[in-house]
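# Geometric and topological summary
Here is how the chains run, residue by residue.
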Amino acid sequence: MRVSNVTVRRRLVIVFIAGLFVFASFIGRLSYVQFVMGDWLYEMARNSWSRNITYQAERGEILDRNGVVLATNVSAPSVFVVPKQIKNPSSVSRKLASILNMQPKKVYEKITKNESSVEIRPEGKKISNEKAEKITDLRIPGVYIAEDYRRHYPYGSFLSHVLGFAGIDNQGLTGLEANYNTLLQGKRGYLAFFSDARGERMPFLSDDYIPPKDGLDLKLTINKKIQAIIERELNQVEVKYEPDGALAIALDPNTGEVLGMSSRPTFNPENYQDVPAEVYNHNLPVWKTYEPGSTFKIITLSAALNEGIVNLKNDNFYDPGYIDVNGTDLHCWKRGGHGSETYLEVVQNSCNPGFVKLGLNLGKEKLFSYIKKFGFGEKTGIDLQGEGKGILFGDDAKPLEVATTAFGQGVSVTPIQQVMAVAAAINGGYLYEPYIAKAWVNPVTGDVIQRNTPHLRRKVITGQTSKKVRHALESVVAKGTGRGAFREGWRIGGKTGTAQKAENGVYLKNNYILSFIGFAPADDPQILVYIAIDNAKNAPQFGGQVAAPVAGSIIADSLRVMDVKKRKNQLEYEKKWTDPVMVKVPQLVGLTRSDLHNSLFSGLSIEAEGQGDVVIAQSPKAGVKLEKGKTIRVYFSDKGDKSDKED
């Protein structure tokens, strides 16, 4: 059948139009792929060719309040390999193994993995620069040295529990390193090179380098000089008393800024693997809970004064050595009691029955209300991990439990809770949140990015009550159980504590936590110090005899580095017959050997050094008081010589 020309033309037109449509579709798709998906496809291709070598960011430094570096970084490169670029795995394995102190077989297994890149770890992670140079000198294709850092703590175990430490992958694991890991860590960079499926580098594509972004520096509230004083005193405690543990906290009571914090046993953050986990995991000042003992009496005293139920000078109490509470005798630490006392003397003598009377007069509701207002039973909010809450009696507490709570027995608190509560008692009545992170600083420009400021939680007692508490606690140090902390001119106030330890609900024999919490100057407190010594060996089991002298030394030396001036007006120290005889050091500079030979020094001995006939320096200085029998060191030279040995 013959088809008409019209039909043929129609069919040709249809085929032509269909062809145009198909062609247009191809052109459209090609244009879409080229212009819309082009960049994405190119990046996909580059990513498939790309091999990344990671460059760690430098972790931010941790500094004390004055800019002293407490945690920093040292270069510690890491080794990466691209297995497909390794031409002779057996030979490379032997060469790397000899430098990295590995078995060649182990190296071989790593460099022949079916992966784009492999990190040689742990032996090739954070190696020395010397090892890195040896590997670089080998010039082995496929073996790369990546920039990396190792955390360095220049003062060793100094402030170790607070600082914590960082792990092999540059992440904070404990302490401030963990708590502020995100800000300290920074952001990794990398070097990207390009290779084909066979691992051959693609020379027509240049390497990409994305530099790492370093972490922020962290400036602390810690004063390195005060921390050094604390470390020194705790070291001496360890040697002298061989305790199961010890801790100390120094704090600005007017802001909540922690000036120093340490505990024993301690560790070096760079070698934390050398000690049991319970040593580096337990920052005792914020983690440990125990019965506070008599330091808790400050809270009962503050509550009683604030409620107006006692007048320290005019109200009296008779202590026969015990007090009966619902048929149970609660005993005073002094066998036979203190007899008739004013309530100021009750505080000075740390008389348990007197404080039981105050607690019962307050009543359960008011006493427990003040205890909670002072922050017990809840976390303080300090910016450290692992803080405890302590344990308090509930609303169903019996009169006996109320009575024992009044003198610090039967309740469980943390040291940082105690410190913040006493700070509120002596700073005018303000309960602050403690903190250690003071400011975040840009490591390049030095600009402060963020600054922390004091955080007031609540007002607990009146300013007038706080003034009375300060006076009472100053009298404890001048005339009472805290006399071991007395230092002339510093006006130290405080309270001793002797708490018998319990285990499984049973009190242990001859096992105590000896403590002291003190502050100075009493007229304007600038520092608050708490020290606790756990199970001191070969020592009298009284906080006033063991812990108070340590705290007194920390407070006095800290005030010196804080440039706080001594006070002329101070409560007179009340001597006891057991006190050592103190002798004022005379002025010896300028005297001759014959002058010294013909002089009497009231029980002080002389130790001479140097040649010549004239004393040019002495230690200690004139005017300092020494215990009778101690030695003055003098330095001789010819007249006119100068010396800087006097201290």
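Use the structure listed above.
Our subject in this report is the structure included herewith. Throughout this document, residue positions are counted from 1 along each chain, in the order its sequence is written. Note on the predicted model: pLDDT of at least 70 is required for a residue's local features to be given, and 80 or more for side-chain atom pairs to be given and counted; whole-chain, interface and lining totals, by contrast, use all residues. With hydrogens and water stripped out, all remaining heavy atoms of the structure feed into the side-chain values.

Our focus in this paragraph is the sheet that holds strand β4 (residues 78-81). Any two strands with at least two DSSP bridges between them are considered paired. We count a stretch as a helix when DSSP gives it H or I for four or more residues in a row; a strand needs E for two or more, and each element gets its number in order from the N terminus. Read across the open sheet, the three strands follow the order β5-β4-β6; overall the sheet is antiparallel. A strand with exactly one partner marks an edge of an open sheet, and here the two such strands are β5 (118-119) and β6 (143-146). Strand direction decides the pairing type here: β4 and β6, joined by four bridges, are antiparallel. Each residue of the ladder has a partner; that of V79, found in β6, is I145.

With that settled, consider the pattern of salt bridges. One speaks of a salt bridge when a side-chain nitrogen belonging to Lys or Arg is within 4 Å of a carboxyl oxygen belonging to Asp or Glu. Inspection of the entire model under this criterion finds 26 salt bridges. Between E231 and R264 there is a salt bridge; the shortest N-O distance is 2.8 Å. Taken together, the residues E231 in helix α9 (residues 224-241) and R264 in strand β12 (residues 258-264) connect sequence positions 33 residues apart. With respect to class, E231 is no different from R264; both count as buried. Linking R232 and D557 is a salt bridge whose minimum nitrogen-to-oxygen distance equals 2.7 Å. On the criterion of sequence distance, the pair formed by R232 in helix α9 and D557 in helix α19 (residues 543-561) is long-range, its members being 325 residues apart. Under the scheme applied here, a residue whose accessible area is under 20% of the maximum for its type counts as buried, over 50% as exposed, and between as partly exposed, the area being computed with a 1.4 Å probe on protein chains only. Here R232 falls in the partly exposed class, since its relative accessible area comes to 32%. Bridged by salt links that share partners, the residues E119, R121, K125, K126 and D148 form one connected network.

Another aspect to go through is empty space enclosed by the protein. Computed over the protein atoms alone on a 1 Å grid, cavities are sets of points where a 1.4 Å probe fits but cannot get out and pockets are open sets with protein on both sides within 12 Å along at least five of seven lines; a residue lines them when it has an atom within 4 Å of a point. Grid points are joined across faces, edges and corners, and a volume is the space filled by probe spheres set on the points. Tallied over the full model, the rule gives two cavities of 30 Å³ or more. The computed volume of the largest cavity comes to approximately 50 Å³. Contributing to the lining of the largest cavity are F368, I371, K372, L392, F393, T405 and V411. Counting residues per element, the lining of the largest cavity draws most heavily on helix α15 (residues 364-373), which supplies three residues.

This part is about a nonpolar patch on the surface. Patch membership requires over 30% relative accessible area and the absence of a salt bridge. Like charges are linked within 9 Å, and nonpolar side chains (Val, Leu, Ile, Met, Phe, Trp, Tyr) within 5 Å. In this description, accessible areas are obtained by the Shrake-Rupley approach with a 1.4 Å probe, and a residue is regarded as covered only by the protein chains that are shown. There is a patch of nonpolar side chains on the surface, built from V13, F16, I17 and L20 and spanning about 400 Å² of accessible area. Look at V13 and you get partly exposed, because its relative accessible area is 46%.

Counting through the fold element by element, D315 comes out in the loop between α12 (297-306) and β13 (316-319). Judged by its relative accessible area of 29%, D315 is partly exposed. Put simply, D315 and T342 are 27 residues apart on the chain and 5.8 Å apart in space, counted from C-alpha to C-alpha. If sequence neighbours within four positions are ignored, D315 has contacts with I309, V310, E341, T342 and Y343. Two N or O atoms form a polar contact when they lie within 3.5 Å of each other; inside protein one atom must be a possible hydrogen donor and the other a possible acceptor, and for residues adjacent in sequence the pair counts only when both atoms belong to side chains. A distance of 2.7 Å separates the side chain of D315 from the backbone nitrogen of N311, its partner in a polar contact. Contacts between residues were defined by any pair of non-hydrogen atoms, one from each residue, lying within 4.5 Å.

This part covers the packing of aromatic side chains. Only rings of Phe, Tyr and Trp enter the pairing, Trp through its six-membered ring, and a pair is recorded when the two centres are within 6.5 Å. The plane angle decides the type: under 30 degrees is stacked, over 60 is edge-to-face, the rest tilted. The full count for this structure, using the stated rule, is 11 aromatic pairs. With a centroid separation of 6.0 Å and 50° between ring planes, the pair formed by F317 and Y343 is classed as tilted. Taken as a pair, F317 in strand β13 and Y343 in helix α13 (residues 343-349) lie far apart in primary sequence, 26 residues in all. Cluster of aromatic residues (ring-pair linked, three or more members): F165, F267, Y272 and Y280. Charges are assigned to positions over rings by a cutoff of 6 Å between ring centre and Lys NZ or Arg CZ, combined with an angular limit of 35 degrees from the ring normal. The cationic tip of R593 hangs over the ring face of F636; the distance from NZ or CZ to the ring centre is 3.8 Å.

Here we come to unusual backbone geometry. The linkage connecting A520 with the following residue, P521, adopts the cis geometry, with an omega of -15°. Of note, P521 is situated in the loop between β22 (506-520) and β23 (527-534). Omega for the peptide link from S619 to P620 comes to 0°, which places this bond in the cis form. Note that P620 resides in the loop between β26 (614-619) and β27 (625-627). Phi at N101 is positive, roughly 55°, even though this residue is not glycine. You can call N101 exposed: its relative accessible area is 61%. Phi at N510 is positive, roughly 55°, even though this residue is not glycine. On the secondary structure map, N510 appears in strand β22. Judged by relative accessible area, which is 64%, N510 ranks as exposed.

Below, the discussion takes up the sheet that holds strand β25 (residues 605-609). Remark on secondary structure: sheet strands pair via backbone hydrogen bonds, oriented parallel or antiparallel. Spatial ordering of the open sheet is given by β25-β28-β26, a layout of three strands whose pairing is mixed. Of all strands in the sheet, those with a lone pairing partner are β25 and β26, marking the two edges. Each strand axis lies, on average, 35° off the axis of its neighbour in the sheet, ignoring direction. The pairing of β26 with strand β28 (residues 631-637) spans five bridges and is antiparallel. Only the stretch in contact is used when fitting a helix axis, every axis being a line fitted to C-alpha atoms; angles between N-to-C directions are given from 0 to 180 degrees.

Here, nonpolar core refers to any group of buried Ala, Val, Leu, Ile, Met, Phe, Trp, Tyr and Cys residues whose side-chain atoms link them within 4.5 Å. Counting 92 residues, the largest nonpolar core has L220, M261, F374 and I436 as its most contacted members. Ranked by residue count, the leading element in this core is helix α17 (residues 415-426), at nine residues. Setting aside residues up to four positions removed in sequence, L220 forms contacts with I62, L63, D64, R65, L70, L159, L163, L176, I436, A437 and K438. Counting residues in each nonpolar core, the second largest holds 35 residues, with I226, I230, I527 and A547 among its members.

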